[in-house]
Amino acid sequence: MVAYTRKDVSTLTRGERRRFVGALLEVKRRGEYDEFVRTHIEYYVSDGEKGLRTAHMAPSFLPWHRRFLLDLEEALQRVDPSVTLPYWDWTRDRTTAGAPWSEDLLGGTGRPFDQRVMTGPFAYDNGEWIIRESVTDGDFLTRDLGRRREPLSLPTRQDLDAALADPVYDVSPWNSTSAKGFRNKLEGWGSGRGPGSWRNHNRVHRWVGGHMVGGASVNDPVFWLHHAFVDLCWSRWQQRHGAGARYLPARPPRVGDAQRGQVVARHETLPPWDLTPDQLEDHSGVYRYA
Amino acid sequence: MFVSREPQGPEGPRACSGTRRDALRALCVSALALAVVPVVAAAWPRHERGGDEAPTFDETYQGRRLRGMKADAGGADHLDHMAQALRAPLQGQWHVTVDGRPLHLMRRADGTYLSMVDHYRSYPTALEAARAAVDELGPGRRLTVAGGEGGRGGVHA
């Protein structure tokens, strides 16, 4: 199989945008999309709780979302084989008028009163994007781009570079308090208060607002564009640091380590799939980024 | 490479954290408990604003009623009794409501809290996480009756 290409969302042709949106709406119509929303809610296990963490606050944040994106991409391709996931480089495409938010792609921000998205294919009035799995009781998609009440900016090139520069994939205790390591710097959990305490990936969820900042963030299709860029950053980090830049931990934490049984090591199975992080480290045979 | 089974739907078996499942089930229970809350409400100890370390809070913030109780807080006897009857949550877990609707909080390893409304940063106390959730909701949005777990509890948007 020839690897397919994931493109920068700002380079999509009008036809590519139309086919991507069309495939998303069809996956939603088939009832498959809401299962992705539920899966993400279910696998969001916080690190102050007991149990295996796979999707967040854990080393497997990156491979978990890589496989999650592939599942969605396969669902889209069952509808239209020409479709691939675009990515949103939020270090370059930084405004509410940026490429993701165009009328023929994801539409714009929500209205002030209830954050309801009013434009584009995912606006409630089109009747094709009814929210069924949510923390809030409206069945419309919500956004608050840039956070009007308390504005914040998207992460900068420098913010992202600070993560990419770390040569170690992840460090003990392998959670949201790991002060070093590429994974947590990219995922974006900091300590203390204020804007410095949420970075990169987390900060982008916050900048989009509405559904994207809550547990049901997958309801906003920008979730996939955001995470495709996060996935690209993992590849970039591997290229930058060479063959030694491997997923960690290589082996499960020792007996007596509080993280034993709570994180997935390189050769352990990553639920809900029968795959290991090791098997997900190299995507070059499946897709590449342009 | 990358060959895997699909994630399975609710009807299929799933290799998933039992803790999370339990937490979701617990949410349904707390929704049930809240349905009978008027009887119990008077027994909740009141605490002044700013009592962030207190095991309970009850305040109006941005026009919303915020109430919270830590599971191991020593409440009135009949409340303890009811909590046990409804399968008591884990020690240290908070039950928080906004206008009577459950707001599920999660704990971070550093002891801070995040809510289902605001999932990508955390707050030093449960009360601050609840206030931040109200800020995030704004004037025009409410929590679902089922709390934070979406469709698993059978209550849809």
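Residues numbered from 1 in each chain as written. Chains lettered and ligands numbered in written order. Predicted model: local features only at pLDDT ≥ 70, side-chain atom pairs only at ≥ 80, totals over all residues.

A. Representation of the overall build of chain B within the structure. For chain B, the helix and strand inventory stands at 4 helices and 6 strands. Going from the N terminus to the C terminus, chain B shows its helices and strands as α-α-β-β-α-β-β-β-β-α. The proportion of buried residues among the 157 residues of chain B is 38%. Across chain B, the fraction of contacts at a sequence separation of at least 24, relative to all contacts at a separation of at least 6, is 51%. (Helix = DSSP H or I, 4+ residues; strand = E, 2+ residues; numbered from the N terminus. Buried ≥ 20, exposed ≤ 12 C-beta atoms within 10 Å, placed from the backbone. Contact = placed C-beta atoms within 7 Å.)

B. Main features of the nonpolar core. Grouped together as the largest cluster of nonpolar side chains are 98 residues, with contacts concentrated most on Leu103(B) and Ala130(B). Ranked by the residues each element gives to this core, the list is headed by helix 7 (residues 222-241) of chain A, at 10 residues. (Core = buried A, V, L, I, M, F, W, Y, C linked by C-beta atoms within 7 Å.)

C. Unusual backbone geometry, seen in detail. Residues and elements named next belong to chain A. A cis geometry characterises the amide bond from Ser172 onward to Pro173, with omega recorded as 5 degrees. Relative to the helices and strands, Pro173 resides in the loop between helix 4 (157-164) and helix 5 (182-187). The residue after Pro271, namely Pro272, is reached through a cis peptide bond having omega 10 degrees. As for its position among the elements, Pro272 is in the loop between helix 7 and helix 8 (277-280). We note that Gln115 has phi near 65 degrees; this positive angle belongs to a residue other than glycine. Along the chain, Gln115 turns up in the loop between helix 3 (61-79) and helix 4.

D. How the structure looks around the pairing of strand 3 (residues 94-98) of chain B. All names here are of chain B. Buried residues dominate strand 3, accounting for 5 of its 5 residues. In this sheet, strand 4 (residues 101-103) lies alongside strand 3 in antiparallel orientation, the contact comprising 3 bridges. Pairing of Val96 across the sheet is with Leu103, part of strand 4. Hairpin geometry of strand 3 and strand 4 is characterised by an intervening segment of 2 residues between the two adjacent antiparallel strands and by a positive phi of about 50 degrees at Asp99. (Pairing = 2+ DSSP bridges.)

E. Just the sheet that holds strand 4 of chain B, in detail. All names here are of chain B. Spatial strand order, 1-2-3-4: 4 strands in an open sheet with antiparallel pairing. Looking along the sheet, the strands with just one partner apiece sit at the ends: strand 1 (56-61) and strand 4. Geometrically, the sheet is characterised by an average inter-axis angle of 25 degrees between neighbouring strands, direction not taken into account. With 5 bridges connecting them, strand 2 (residues 64-70) and strand 3 associate as antiparallel partners. Directly across from Lys70, in strand 3, lies its bridge partner Trp94. Across the face of the sheet, helix 4 (residues 126-137) comes into contact with strand 1, strand 2, strand 3 and strand 4 while running at roughly 150 degrees to strand 2. (Axes fitted to C-alpha atoms, helices over the stretch in contact; angles between N-to-C directions.)

F. Summary view of the packing of helix 1 (residues 14-29) of chain A against helix 3 of chain A. All names here are of chain A. One way to put it is that helix 1 packs onto helix 3 with a least axis distance of 9 Å and a crossing angle of 100 degrees. With respect to helix 3, the axis of helix 1 lies roughly perpendicular. Contact with helix 1, carried on its side by Ala23, Leu24, Glu26 and Val27, involves Ala75, Leu76 and Val79 of helix 3 and no other residues of that element. Classifying every residue of the contact of helix 1 with helix 3 by side-chain character gives 6 nonpolar, no polar and 1 charged. (Parallel < 35°, antiparallel > 145°, perpendicular 65-115°, else oblique. Nonpolar A, V, L, I, M, F, W, Y, C, P; charged D, E, K, R; others polar.)

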